[in-house]
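Now for the letters of each chain:
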Amino acid sequence: AAVMAEYGLTEKVLGIAYDGTGLGSDGNIWGGEFLLADMKGFERLAHLKYVPLPGGDTAIKHPFRCAVGFIYPNTHRFSKFIHRLDSNQVKIILKQIESKVNSPLISSMGRLFDAVASIIDIKDTVDYEGQAAMELESIILPTEDYYGYRIVKEGSKFCIDVNRLLEELYRDYVGGIPKGIISGKFHNTVIKFTVEMAKKIRDLRKVSKVVLSGGCFQNRYLLEGLYRELQGEGFKVYIPSKIPINDGGISLGQAAIACAYFS
């Protein structure tokens, strides 16, 4: 909404929001969303597939918890990663997930970045939010490759399933592929599935204006790559230039929505 206000957009747009944690209208934690939106409402058309976040807010400071949530229930396929962690802590986390105690469901792009950073042993614990993702971006080495993924239909919505991405990424890590290449392939994959999802939505809903917003887009590689690829597919792409792309833009968006409701 903040970006729409900056550019004076009043028609429906495809809003792609990639962030850490935000309470969704279904009671789950959002952060990897594709929204058909104008100033008076939105329809959620697609999102990252839900995974558990063991420990809730605690996991933000401990990315290895995010990783366990993303690879559950297939932790046996990530044995080197699991064995690196404290075994007692892993048992507690798995029990937490299985009993659904303080393990909210998330569709968060920010937490996916955290999970990847932990799986390839960049950062298991952080001092501030976004640190793991920033360090993951900082080591990118040039590559055109990407990992696999699935886009599945669940009811009236699409879900982006990253299980295959994480398994292929882990195999690269165990196989000794440089972490910079792994990071590059991961970022390329996020760009690729985002563009594919946007094209599916355009075909169904005839919307060609895309608004990008959310803290994950402070990642220059992600933002510039996605901007370039979306434009190459014929989308008109809007990113903020006068306001922050992260939570700093929320208040303007709230004001713009209120203005639309009461005008």
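Structure first, text after, so check above.
Quick notes on the rules
- Residues numbered from 1 in each chain as written.
- Predicted model: local features only at pLDDT ≥ 70, side-chain atom pairs only at ≥ 80, totals over all residues.
- Heavy atoms only, no water.
- Helix = DSSP H or I, 4+ residues; strand = E, 2+ residues; numbered from the N terminus.
- Rg over C-alpha atoms; globule rule 2.2 N^0.38 Å.
- Buried < 20%, exposed > 50% of the residue type's maximum accessible area, 1.4 Å probe, protein only.
- Areas by Shrake-Rupley, 256 points an atom, 1.4 Å probe, with all protein chains shown as cover.
- Lys, Arg positive; Asp, Glu negative; His and termini not counted.
- Charge placed at Lys NZ, Arg CZ, Asp CG, Glu CD.
- Expected span 1.5 Å × (residues − 1).
- Arc of directions from axis to C-beta.
- Contact = heavy atoms within 4.5 Å.
- Polar contact = N/O pair within 3.5 Å; in protein donor to acceptor, adjacent residues only side chain to side chain.
- Pairing = 2+ DSSP bridges.
- Disulfide = S-S within 2.5 Å.
- Salt bridge = Lys/Arg side-chain N within 4 Å of Asp/Glu carboxyl O.

J.: What's the story with the overall build of the chain in this structure? I'm lost.
T.: Each helix and strand in the chain was counted, giving 11 helices and 9 strands. Taken over C-alpha atoms, the radius of gyration comes to 18 Å for the chain, in line with the 18 Å a tight globule of 263 residues would show. For the chain, the spread of C-alpha atoms along the principal axes amounts to about 60 × 40 × 35 Å. Counting across all 263 residues of the chain, residues that qualify as buried make up 53%. In the structure as shown, the chain presents an accessible area of about 12,400 Å², 51% of it carried by carbon and sulfur atoms. With 32 positive and 30 negative side-chain charges, the chain shows a spacing of 4 Å between the two charge centroids.

J.: Help me understand helix 5 (residues 87-98) in this model?
T.: Given 3.6 residues per helical turn, the α-helix brings residues three or four places apart onto the same face. With 12 residues, helix 5 extends 16 Å between its outermost C-alpha atoms, agreeing within 8% with the 16 Å of an ideal straight helix rising 1.5 Å per residue. Burial in helix 5 covers these residues: Val90, Ile93, Leu94, Gln96 and Ile97. Each buried residue of helix 5 lies within a common arc of 155° when the element is viewed along its axis, so the set occupies one face. Along helix 5, the residues that are exposed and aim more than 90 degrees away from the buried face are Lys91, Ile92, Lys95 and Glu98. The secondary structure elements touched by the buried residues of helix 5 are strand 4 (51-52), helix 3 (63-71) and helix 4 (79-84). Put simply, Asp86 is the residue that caps the front of helix 5, since its side-chain oxygen is 3.1 Å from the backbone nitrogen of Asn88. Following helix 5 by one or two positions, Lys100 adopts a phi angle in the positive range, close to 55°.

J.: Any chance you could explain the pairing of strand 7 (residues 157-161) here in plain terms?
T.: If a strand is regular, its side chains alternate between the two faces of the sheet. Here strand 7 lies mainly inside the structure; 4 of its 5 residues are buried. Two elements, strand 3 (residues 41-48) and strand 7, share 3 bridges in a ladder whose sense is parallel. Note that in strand 7 the partner of His47 across the bridge is Cys159. Pairing analysis gives 5 bridges linking strand 6 (residues 150-154) to strand 7, with the strands arranged antiparallel. If you follow Val152 over to strand 7, its bridge partner there is Cys159. Linking strand 6 back to strand 7 in an antiparallel pair, the connection comprises 2 residues, with Gly155 at a positive phi of about 65°.

J.: Would you mind showing me how to read the environment of Leu94 here?
T.: Looking at the element boundaries, Leu94 is found in helix 5. It is 17 Å that separates the C-alpha atoms of Leu94 and Lys80, two residues lying 14 residues apart in sequence. For Leu94, the residues in contact, after removing those within four places along its chain, are Val68, Tyr72 and Thr75.

J.: I'm lost on the state of the cysteines in this one. Help?
T.: Formally, a disulfide is one covalent bond, and it connects the sulfur atom of one cysteine to the sulfur atom of another. In the structure shown here, the tally under the stated rule is 0 disulfides. Just so you know, Cys66 is unpaired, no disulfide at all, and the nearest cysteine sulfur is the one on Cys216, 12 Å from it. What makes Cys216 buried here is its relative accessible area of 12%.

J.: So what exactly am I meant to see when it comes to the pattern of salt bridges here?
T.: Between side chains of opposite charge, a pair can form as their charged atoms come close. The full count for this structure, using the stated rule, is 18 salt bridges. Salt-bridge contacts for Asp124 lead to Arg84; the nearest nitrogen and oxygen are separated by 2.7 Å. Separated by 40 residues along the polypeptide, Asp124 in the loop between helix 6 (109-119) and helix 7 (131-138) and Arg84 in helix 4 bring together distant segments of the chain. Classification of Arg84 by relative accessible area gives partly exposed; the value is 29%. Linked through salt bridges whose partners overlap, the residues forming this network are Asp26, Glu33 and Arg44.

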